[in-house]
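# Report on the structure
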Amino acid sequence: MLAMTGYVLTMRRLSLSTIAFWSALIFFVIVALVSAGVPFSLPLGFRLPVFSFPALPPSDNNSGGLSIVQRVVTQEQAVEEVVSKSAPAVISVVTEQVYLDLFRGPVSEQASIGTGIIIEADGLILTNKHVVADVNAAYTVVLADEKSYEVKKIARDPLNDLAILKIDAKGLPTLPLGDSAKVRVGQSVVAIGNALGRFSNTVTTGVVSGIGRGITAGDSSGQTENLENVFQTDAALNPGNSGGPLLNLAGEVIAVNSAVSTGAQNIGFAIPINVAKKTVETYKKLGKISRPFLGVSYQMISSDMSSLQRLPVGAFIERVLTGSPAEKAGLQSGDIITKLDGQVLDKDNTLARALQNNNVGDAVTLTLDRGGKEMTAGVVLGEAPEPSP
């Protein structure tokens, strides 16, 4: 695979027009002489003039010049460039673990548990929520140059497997955030992470194998979380890679590595960076991560299930949380939400995905099916609570 980037050659239009003028003039003079019957021959040894142009240095002057940008690099070179530029902004997240050793007694050690991405030079770091799930633990960040910083603040996203860490630092290297809406299946990607908690800045490569996946991810404690609209990649991901970047060959973060399938090879999943951007924006604006909250647990009814069970496609409410906006609006278990503000809910536009377009305090209208009868309910969205310890 080849990638094209830039050498610049600038040629002035004045030179091109001058050449064209004299070439045309010589041509027409010769044609006119021959047409008039004037004997015409070139003297022995005469050669038509050859125009040559001195090499011009690269120019950033765009005032009328013709610019050609072209440099050919191999995929291997492209990956090397991405890694060399990106690795300094990829960090390891460590925590202190205390255990009882038979011979040494109580022992305290730092254990590396995940990866993070420096997104602001003043110490703002993006990672996965499950990496820093223990609200009672103390966390430390270790940079590529082995410098370590205590994590001063953690904001956990209530709805996504994302978290933001804050350390006291200045002038840190950062990674640019790309646009995950432009990602296509088959696109080459690079993953960097703290593999197995032992091998920092491990690099793997692959492609985007799929987009818009929905999975249920779990950890060693048995806790599970539904992740919607995630990317699938065959770039090798291992425990410890969580929270690390999935990069395109331009060196931009297009997703945050989050989960891997334990029953297969080279099937990993990453949260699109555009989802993380909204998390970062709310944190920078409010100092916390604020998400709209309806207060129901649900299961999506697919078109196949709809045909089989003769139910409408939508979000089947399994449970309504006590004191939630849904309870206050009169929603009940067994209701099927078919639309949110006129948006049809289905496998491609789930209830959680539709809610992400709203903010805390927004009033929305739900279209419901209750026992075969269609009805509507107005709901004022609340704020999602902080994850419990």
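Residues numbered from 1 in each chain as written. Predicted model: local features only at pLDDT ≥ 70, side-chain atom pairs only at ≥ 80, totals over all residues. Heavy atoms only, no water.

## Quick look at the overall build of the chain
The test is simple: Counting from the N terminus, the helices are the DSSP runs of H or I reaching at least four residues and the strands are the DSSP runs of E reaching at least two. Under the scheme applied here, a residue whose accessible area is under 20% of the maximum for its type counts as buried, over 50% as exposed, and between as partly exposed, the area being computed with a 1.4 Å probe on protein chains only. Every residue pair with non-hydrogen atoms within 4.5 Å of one another is taken to be in contact. Shrake-Rupley sampling with a 1.4 Å probe provides the accessible areas, and residues are treated as covered by the protein chains on show and by no other component.
Along the backbone of the chain there are six helices and 22 strands. Burial statistics for the chain: of 389 residues in total, 38% are counted as buried. For the chain, the proportion of contacts with a sequence separation of at least 24, taken over those separated by at least 6, is 61%. Surface accessibility of the chain: about 21,900 Å² in total, with carbon and sulfur atoms responsible for 55%.

## Quick look at the sheet that holds strand 6 (residues 139-142)
Threshold: Only strands that DSSP links by at least two bridges are regarded as paired with each other. In this analysis an axis means a line fitted to C-alpha atoms, helices contributing only their contacting stretch, and an angle means the value between N-to-C directions, from 0 to 180 degrees.
Spatially, 3-4-5-8-7-6 is the arrangement adopted by the six strands of the closed barrel, whose pairing is antiparallel. For this sheet the average axis-to-axis angle between neighbouring strands, irrespective of direction, equals 45°. Pairing analysis gives five bridges linking strand 7 (residues 148-156) to strand 8 (residues 163-167), with the strands arranged antiparallel. Bridge pairing in strand 8 places lysine 153 opposite lysine 166.

## Looking at the side chain of aspartate 157
Selection criterion: Residues adjacent in sequence count toward polar contacts only when both atoms are side-chain atoms; beyond that, a polar contact is any pair of N or O atoms within 3.5 Å, and within protein one must be able to donate a hydrogen and the other to accept it.
Within the element layout of this structure, aspartate 157 appears in the loop between strand 7 and strand 8. Residue aspartate 157 is classed as buried on the basis of its relative accessible area, which comes to 0%. Only 3.4 Å separates the side chain of aspartate 157 from the backbone nitrogen of asparagine 160, close enough to count as a polar contact. Of note is the side chain of aspartate 157, whose polar atom sits 2.9 Å from the side chain of threonine 279.

## Considering the pairing of strand 7
Remark: a regular strand shows side chains that alternate across the two faces of the sheet. Where strand 6 meets strand 7, three bridges bridge the pair, whose relative direction is antiparallel. In the strand pairing of strand 7, valine 141 is matched with tyrosine 149. Where strand 6 folds back onto strand 7 in an antiparallel hairpin, the turn is made up of five residues, including glutamate 146, whose phi is positive at roughly 75°. If you look at the hairpin formed by strand 7 and strand 8, you'll find six residues sitting between the two strands.

## So, the pairing of strand 18 (residues 336-340)
Counting buried residues along strand 18, four of its five residues qualify, which places the element largely inside the surrounding structure. Note: strand 17 (residues 314-320) against strand 18, two bridges, orientation antiparallel. The partner of alanine 315 across the bridge, within strand 18, is isoleucine 337. With four bridges joining them, strand 18 and strand 20 (residues 363-370) adopt antiparallel strand pairing. Paired with leucine 340 across the bridge in strand 20 is leucine 366. For strand 18 and strand 19 (residues 343-344), the ladder comprises two bridges, and the chain directions are antiparallel. Paired with lysine 339 across the strands is valine 344, a residue of strand 19. The antiparallel pairing of strand 18 with strand 19 creates a hairpin that spans two residues between the two strands, and aspartate 341 there sits at a positive phi of about 50°.

## Thoughts on the pattern of salt bridges
Counted only if it meets this: Salt bridge, as used here: a side-chain nitrogen of Lys or Arg that lies within 4 Å of a carboxyl oxygen of Asp or Glu.
Under the criterion given, the structure shown has six salt bridges. Its salt-bridge partner being lysine 288, residue glutamate 383 comes within 3.2 Å of it at the nearest N-O pair. Taken together, the positions of glutamate 383 in strand 22 (residues 382-383) and lysine 288 in the loop between helix 3 (273-286) and strand 15 (292-293) put the pair 95 residues apart, joining distant regions of the chain. You can call lysine 288 partly exposed: its relative accessible area is 37%. In this structure, the salt-bridge partner of arginine 370 is aspartate 335, at a minimum N-O distance of 2.8 Å. Highlighted residues: arginine 370 in strand 20 and aspartate 335 in the loop between helix 5 (325-328) and strand 18, separated in sequence by 35 residues.

## A closer look at the confidence of the model for the chain
In regions of low pLDDT, the predicted coordinates are not meant to be interpreted in detail. Applicable threshold: How sure the predictor is of each residue is captured by pLDDT, a score from 0 to 100.
Of the residues in the chain, 78% reach a pLDDT of 70 or more, and the chain-wide mean stands at 82. Overall, residues 1-16 carries pLDDT values under 50, and its contacts beyond four positions in sequence, including any with other chains, amount to 41 contacts. For the stretch residues 44-54, pLDDT sits under 50, and the model shows three contacts to residues farther than four places along the chain or on other chains.

## Some words on the nonpolar core
Filter applied, for reference: Take the buried residues of types Ala, Val, Leu, Ile, Met, Phe, Trp, Tyr and Cys, join any two whose side-chain atoms come within 4.5 Å, and each joined set is a nonpolar core.
Leu126 and Val141 are the most contacted members of the largest nonpolar core, which totals 45 residues. No other element matches helix 3, which puts five residues into this core. Here valine 141 is in contact with Ile91, Ser92, Ile125, Lys147, Ser148, Tyr149, Val151, Leu165 and Ile167, once residues within four sequence places are set aside. Residues Val296, Met300, Leu368 and Leu381 belong to the second largest nonpolar core, which totals 20 residues.

## So, the environment of valine 360
Mapped onto the elements of the fold, valine 360 is located in the loop between helix 6 (351-355) and strand 20. When near neighbours in sequence (up to four residues on either side) are disregarded, valine 360 contacts Ser290, Arg291, Pro292, Leu381, Gly382 and Glu383.

## Considerations on unusual backbone geometry
Phi angles above zero are rare outside glycine, and asparagine 229 is one such case at about 60°. With respect to the secondary-structure elements, asparagine 229 resides in strand 11 (residues 224-233). Judged by relative accessible area, asparagine 229 falls into the partly exposed class, the value being 29%. Here the phi dihedral of arginine 310 falls at roughly 55°; this positive angle occurs in a residue that is not glycine. For arginine 310, a relative accessible area of 78% puts it in the exposed group.

## Thoughts on the environment of isoleucine 267
Within the fold, isoleucine 267 resides in the loop between strand 13 (253-260) and strand 14 (268-272). Measuring from C-alpha to C-alpha, the distance between isoleucine 267 and glycine 210 comes to 10.0 Å, with 57 residues separating the pair along the chain.

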